[in-house]
Structure formats: structure tokens, C-alpha cells
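Remarks on the overall topology
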Amino acid sequence: RRGGAVVERRRVGLPGGLSVQICVHYGLAPGPRSSQMLEGLRERLERGEVLARQPYEYYLGKLEEVHGKPPPRPAEAMEEVSEVRVWC
């Protein structure tokens, strides 16, 4: 308390906006799967399996260890194509 007001202490842990980063990384809409991934990270943080206050890439890498790499985006998939033939 400071001056009669209750000071809320912010819980140290995962960075804000991580759920958005998870959705972007895995190409997901916000929903049960992205929530489950975020909750899994929170649980691992509480058990001491992941570190607090790390950049997004750290947590996305930890998710890839459990859930695998995200599917390739269309632009990334096109980079793998060595030749495109168009038949007219």
C-alpha cells in the first residue's frame, strides 16, 4: 500500500503480446489451440522449465520443441520451388 492505495504487483513471467506472436507464428486465429500453447508455456514457466522475461523468439522456439515448426507460409513455400512451368 502506498498512501492508502493498493499497489498491484505485476507477475513476472511471459511478455505481453505473446499470444498474438503465437497466432502469427503458427498462422492461427485466436482460439483454443493458441490458448493451450500459451497456457503450456505458463505451466512450464511455473515449473522452472523456461526462463522469464525473454524475447518472443525464445518462447516460440520452446513451442516448436513441443508442437513442431509452423507450416510454411505461401511465400516461403514458393522459395523452395526451383522451376515453375506455365502451360497455355
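This text goes with the structure placed above it.
Presented here is an overview of the structure given in this document. Residue indices follow the written sequence of each chain, beginning from 1 at its first position. This being a predicted model, a pLDDT of at least 70 is required before a residue's local features are given, and a value of 80 or more before pairs of side-chain atoms are given or counted; all residues contribute to the totals for chains, interfaces and linings. Note: side-chain values were computed over all heavy atoms of the structure, leaving out hydrogens and water.

**Topic: the overall build of the protein**
Stated precisely, the cut-off is as follows: Working definition: helices are DSSP H or I runs of at least four residues, strands are E runs of at least two. Numbering for both runs from the N terminus. Residue exposure (1.4 Å probe, protein chains only): buried if accessible area is under 20% of the type maximum, exposed if over 50%, otherwise partly exposed. Any two residues whose heavy atoms approach within 4.5 Å at even a single point are treated as in contact. Here the open area of atoms and residues is found with the Shrake-Rupley method and a 1.4 Å probe, where only the protein chains shown may cover a residue.
Looking only at helices and strands, one finds 4 helices and 0 strands in the protein. Written out in order from the N terminus, the α and β elements of the protein read α-α-α-α. Here the protein, with 88 residues, has 19% of them falling under the buried criterion. When contacts within the protein are restricted to residue pairs at least 6 apart in sequence, those whose partners lie at least 24 apart make up 57%. For the protein, the accessible area works out to roughly 7,100 Å², and carbon and sulfur atoms hold 52% of it.

**Notes on the packing of aromatic side chains**
Here is the rule: Whether two aromatic rings pair depends on their centres lying within 6.5 Å, for rings of Phe, Tyr and Trp, where Trp uses its six-membered ring; planes under 30 degrees apart make the pair stacked, over 60 edge-to-face, and the rest tilted.
Overall, the coordinates contain 1 aromatic pair when judged by the stated rule. Judged by centre distance (5.1 Å) and plane angle (85°), the ring pair of Tyr58 and Tyr59 falls under edge-to-face. With relative accessibility at 22%, the residue Tyr58 sits in the partly exposed group. Take Tyr59: its relative accessible area is 0%, and that puts it in the buried class.

**Overview of the side chain of Ser34**
Turning to its location among the elements, Ser34 is positioned in helix H2 (residues 32-46). Overall, the relative accessible area of 7% leaves Ser34 in the buried class.

**Observations regarding unusual backbone geometry**
Negative phi is the rule for most residues except glycine; trans is the rule for most peptide bonds. One non-glycine residue with positive phi stands out, namely Arg53, at about 55°. Within the element layout of this structure, Arg53 appears in the loop between H2 and helix H3 (56-67).

**Quick notes on helix H1 (residues 18-26)**
Heads up, the rule is: Think of the arc as the fan of directions from the helix axis to the C-beta atoms.
Taken as a whole, H1 has its buried residues at Leu18, Ile22, Cys23 and Tyr26. The buried residues of H1 occupy an angular sector of 145° when projected down its axis, which confines them to one face. For H1, the secondary structure elements touched by its buried residues are H2 and H3.

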